[in-house]
Amino acid sequence: MVTLDAERSIMLFRIVQEAITNVVRHAEASKIMIRILRHKNIILVEIKDGGKGIETGQLLSGEAWGILGMHERTRYFGAQLNVRGVSGMGTTVRLRLPLDQSLPE
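Residues numbered from 1 in each chain as written. Predicted model: local features only at pLDDT ≥ 70, side-chain atom pairs only at ≥ 80, totals over all residues. Heavy atoms only, no water.

K.L.:
Tell me about a nonpolar patch on the surface, and name the residues and values.
P.N.:
On the surface, Ile20, Val24, Ile32, Ile34 and Ile36 cluster together to form a nonpolar patch covering roughly 440 Å² of accessible area. Counting residues per element, the nonpolar patch draws most heavily on strand S1 (residues 32-39), which supplies three residues. (Patch = residues over 30% accessible without salt bridge, like charges linked within 9 Å, V, L, I, M, F, W, Y side chains within 5 Å. Areas by Shrake-Rupley, 256 points an atom, 1.4 Å probe, with all protein chains shown as cover. Salt bridge = Lys/Arg side-chain N within 4 Å of Asp/Glu carboxyl O. Helix = DSSP H or I, 4+ residues; strand = E, 2+ residues; numbered from the N terminus.)

K.L.:
Pulling in residues and values, what's your account of the packing of aromatic side chains?
P.N.:
According to the stated counting rule, one finds one aromatic pair in the structure shown. Between Tyr76 and Phe77 the ring centres are 4.9 Å apart and the planes differ by 85°, which places this aromatic pair in the edge-to-face class. A residue is classified by how much of its surface remains accessible, and Tyr76, at 41% relative accessible area, is partly exposed. Classification of Phe77 as buried rests on a relative accessible area of 7%. (Phe/Tyr/Trp six-rings, centres within 6.5 Å; stacked < 30°, edge-to-face > 60°. Buried < 20%, exposed > 50% of the residue type's maximum accessible area, 1.4 Å probe, protein only.)

K.L.:
Describe the environment of Phe77, naming the residues involved and giving the relevant values.
P.N.:
Tracing the sequence through the fold places Phe77 in the loop between helix H3 (65-76) and strand S3 (80-86). Through-space distance from the C-alpha of Phe77 to that of Pro98 is 7.9 Å; in sequence the pair is 21 residues apart.

K.L.:
Describe in detail unusual backbone geometry, supporting the description with residues and values.
P.N.:
Backbone geometry at Glu28 places phi at a positive 55°, although glycine is not the residue there. Assignment of secondary structure puts Glu28 in the loop between helix H1 (6-27) and S1. For Glu28, a relative accessible area of 67% corresponds to the exposed category. The phi angle at Lys40 is positive, at roughly 55°, despite the residue not being glycine. Take Lys40: its relative accessible area is 66%, and that puts it in the exposed class.

K.L.:
I'd like a description of the environment of Arg94, backed by residues and values.
P.N.:
If you trace the backbone, Arg94 turns up in strand S4 (residues 90-98). Of the residues examined, Arg94 reaches a relative accessible area of 39% and is grouped as partly exposed. Look past the residues within four positions of Arg94 in its chain and what remains in contact with it is Val45, Glu46, Lys48, Gln80, Leu81 and Asn82. Of the polar contacts made by the side chain of Arg94, one reaches the side chain of Glu46; its length is 2.7 Å. (Contact = heavy atoms within 4.5 Å. Polar contact = N/O pair within 3.5 Å; in protein donor to acceptor, adjacent residues only side chain to side chain.)

K.L.:
Any details on the sheet that holds S3? Residues and values, ideally.
P.N.:
The strands making up a sheet associate through backbone hydrogen bonding, with each pair oriented either parallel or antiparallel. Ordered in space as S1-S2-S4-S3, the four strands form an open sheet in which the pairing is antiparallel. Where the open sheet ends on each side, the last strands, each with one partner, are S1 and S3. Strand-to-strand, the axes of this sheet are offset by a mean angle of 10°, without reference to chain direction. In this sheet, strand S2 (residues 42-49) lies alongside S1 in antiparallel orientation, the contact comprising eight bridges. (Pairing = 2+ DSSP bridges. Axes fitted to C-alpha atoms, helices over the stretch in contact; angles between N-to-C directions.)

Rendered as structure tokens:
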């Protein structure tokens, strides 16, 4: 069992919430898989959908505000976020959150 502080708990909730919102709004997916694991002092979150897949150009366009917000939230905690889409095969969001890092003051 992992106990997270309130800030990390909220961040994880918001990342998963935004990823699911993106699937519902944009992916045209018939399935979504969410996996959360702890490996040593790291929380790993993976969200995959079977939708149309986000294009690289969409990620870089500056108009993907939800994904930009996800990146901003994760950086504050020293986490790494990766969003990758494959045309016609879906999108995967991966979050790697270290548990032993103190928060900035």
